[in-house]
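# What the coordinates show
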Amino acid sequence: MLDYTTLKTLVEIDSPSGFTQKASQYIHQILTGYGWEPSFSNKGAVRCTLGTQPPSLAIAAHVDTLGAVVAGIQEDGSLRISKVGGLSLNGFEGAYCRIYTLTDQVYTGTLLLDNPAAHVNKDLNSTQRSLYNMHIRLDELASSKKEVEDLGINVGDFICFETNYQELPSGYIKSRFMDNKSGCFVLFELARQIKAKGWDVPVEIFFSNYEEVGHGGTCGYADSIEELLVIDMGVVGTGTAGEEIACSICAKDSSGPYDYEMRRNLVQLANDQSIAYRLDVYPYYGSDGSAALRAGNDYRVGLIGPGVSASHGVERTHQKGIEATIDLCMAYIEQQMIQK
């Protein structure tokens, strides 16, 4: 039975795109503790070679999450926001948050609709949520723009939302940002298990930090990479095949089809080793693999990951889906090792 402590700790480190330094430092610390020698890319991604050979396979996951920044301070002291990534305003309404200033002050608040009291707003339930009618209510005795500015809060300060992480006896893990910290946990386990087995593999693991804004996977890999296997959430929803208890293998998303031979190989390995998987197509989805290809990298790219319910909202996955993804990655790595 796997220990999910590292997942819980990583989830609880705020890391919206552009504010991932502490999470990346934690990743570096974990990999170093396993006996590896990770490094940082110039953009702050974490990469780590898992052998003495030049890596031909990179396995990537992204540590950055959705979030927001302060877009303006209103005269009543509330904050307007600008989204970081595809934040769902409906899905995050009512969420508690932290505001980080440039002087390392941390304040708390809540994302609310303007005039949010049901007893005075007859249109509360029918109002379309937008960036122009939602605000952060600060938990401070500050009721004017000047009083908020005196706290040190400024435009551009990062807003990070509470995750409400829970592991349940049923094996479910529910928390915001399973997209894609569950994928980062997969990479943790690959690093831990490969070190325990004493394998020398031509593999690099890569923790990107700008995926939610589209450019995390564009660069930073070893020059010798030929294949990129991206670990990101599998979609669970109407019209898709994904389940939280299985590993999703994506054939195509909104950016186009992924590498056919990689997909066929992954499916064969899953069948041979009785690993639970679902083949799927994602209609509104892009990944670090999409970004890598658009950047002109000459890689074969595949995409897999544990099924995640309610993506970009109150997400949930299952230990079985995470562990199936780990098992499929290990089978793919072992095959690479044999072939080399």
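What you see is a predicted model, and the numbers here were worked out from it, not measured in a lab. (Residues numbered from 1 in each chain as written. Predicted model: local features only at pLDDT ≥ 70, side-chain atom pairs only at ≥ 80, totals over all residues. Heavy atoms only, no water.)

Take the side chain of Thr 65 next. Mapped onto the elements of the fold, Thr 65 is located in the loop between strand 3 (57-62) and strand 4 (67-73). Residue classification places Thr 65 among the buried residues on the basis of a relative accessible area of 2%. Ignoring anything within four residues of it in the chain, the contact list for Thr 65 reads Ser 15, Pro 16, Ser 17, Phe 177, Lys 181 and Glu 212. (Helix = DSSP H or I, 4+ residues; strand = E, 2+ residues; numbered from the N terminus. Buried < 20%, exposed > 50% of the residue type's maximum accessible area, 1.4 Å probe, protein only. Contact = heavy atoms within 4.5 Å.)

Counting buried positions along strand 18 (residues 300-309) gives 8 out of 10 residues, so the element sits mostly inside the fold. As judged from the 5 bridges shared by strand 13 (residues 227-231) and strand 18, these two strands associate in the parallel manner. Across the sheet, residue Val 230 finds its bridge partner in strand 18, namely Leu 303. In this sheet, strand 18 lies alongside strand 14 (residues 234-236) in parallel orientation, the contact comprising 3 bridges. Note on strand 18: the bridge partner recorded for Val 235 is Val 308. (Pairing = 2+ DSSP bridges.)

Further remarks concern the UniProt feature "binding site: Zn(2+) 2" (unreviewed entry) in the protein. According to UniProt, the positions carrying the feature "binding site: Zn(2+) 2" (unreviewed entry) are Asp 179, Glu 212 and His 312. For the residues just named, distributed over 134 residues, the greatest C-alpha separation is only 10.6 Å, placing them together at one site. Tracing the backbone shows Glu 212 in the loop between strand 12 (203-208) and strand 13. Relative to the elements of secondary structure, His 312 occurs in the loop between strand 18 and strand 19 (316-318). Apart from residues no more than four positions distant in its own chain, His 312 is found in contact with Leu 66, Gly 86, Ser 88, Phe 92, Asp 179 and Glu 212. (UniProt positions renumbered as here; feature names shortened; annotations may be inferred.)

Further remarks concern the packing of helix 5 (residues 178-197) against helix 8 (residues 319-339). Put simply, helix 5 and helix 8 touch, their axes get as near as 10 Å, and they point 45 degrees apart. Taken together, helix 5 and helix 8 sit at an angle that is classed as oblique. Helix-helix and strand crossings are classified by hand; for helix 5 and helix 8 the assignment is right-handed. Every residue of helix 8 that contacts helix 5 at Ser 182, Phe 185, Val 186, Glu 189, Leu 190, Gln 193, Ile 194 and Lys 197 is listed here: Ile 322, Thr 325, Ile 326, Cys 329, Met 330 and Ile 333. The class makeup of the residues in the contact of helix 5 with helix 8 is 9 nonpolar, 3 polar and 2 charged. (Axes fitted to C-alpha atoms, helices over the stretch in contact; angles between N-to-C directions. Parallel < 35°, antiparallel > 145°, perpendicular 65-115°, else oblique. Left-handed = near helix turned anticlockwise from the far one by under 90°. Nonpolar A, V, L, I, M, F, W, Y, C, P; charged D, E, K, R; others polar.)

Turning our eyes to something else, we now look at the nonpolar core. If you look at the biggest cluster of nonpolar residues, it comprises 75 residues, and the most contacted ones within it are Ile 59 and Leu 229. Sequence-distant contacts of Leu 229, that is, excluding residues within four places in its chain, are made with Leu 57, Ala 58, Ile 59, Ala 60, Met 262, Leu 266, Gly 302, Leu 303, Ile 304, Cys 329 and Tyr 332. (Core = buried A, V, L, I, M, F, W, Y, C linked by side-chain atoms within 4.5 Å.)

In the numbering adopted here, UniProt assigns the feature "active site" (unreviewed entry) to Glu 211. If we skip the residues at most four places from it in the chain, Glu 211 touches His 62, Asp 64, Gly 216, Asp 232, Gly 286, Ser 287 and Asp 288. Among the polar contacts made by the side chain of Glu 211, one reaches the side chain of His 62 at a distance of 3.1 Å. (Polar contact = N/O pair within 3.5 Å; in protein donor to acceptor, adjacent residues only side chain to side chain.)

This brings us to unusual backbone geometry. Omega for the bond connecting Asp 179 with Asn 180 falls within 30 degrees of zero, at 10 degrees, which places this linkage in the cis form. Tracing the backbone through its elements, the reader meets Asn 180 in helix 5. The phi angle at His 312 is positive, at roughly 60 degrees, despite the residue not being glycine. Taking relative accessible area as the criterion, His 312 reaches 24% and is therefore assigned partly exposed.

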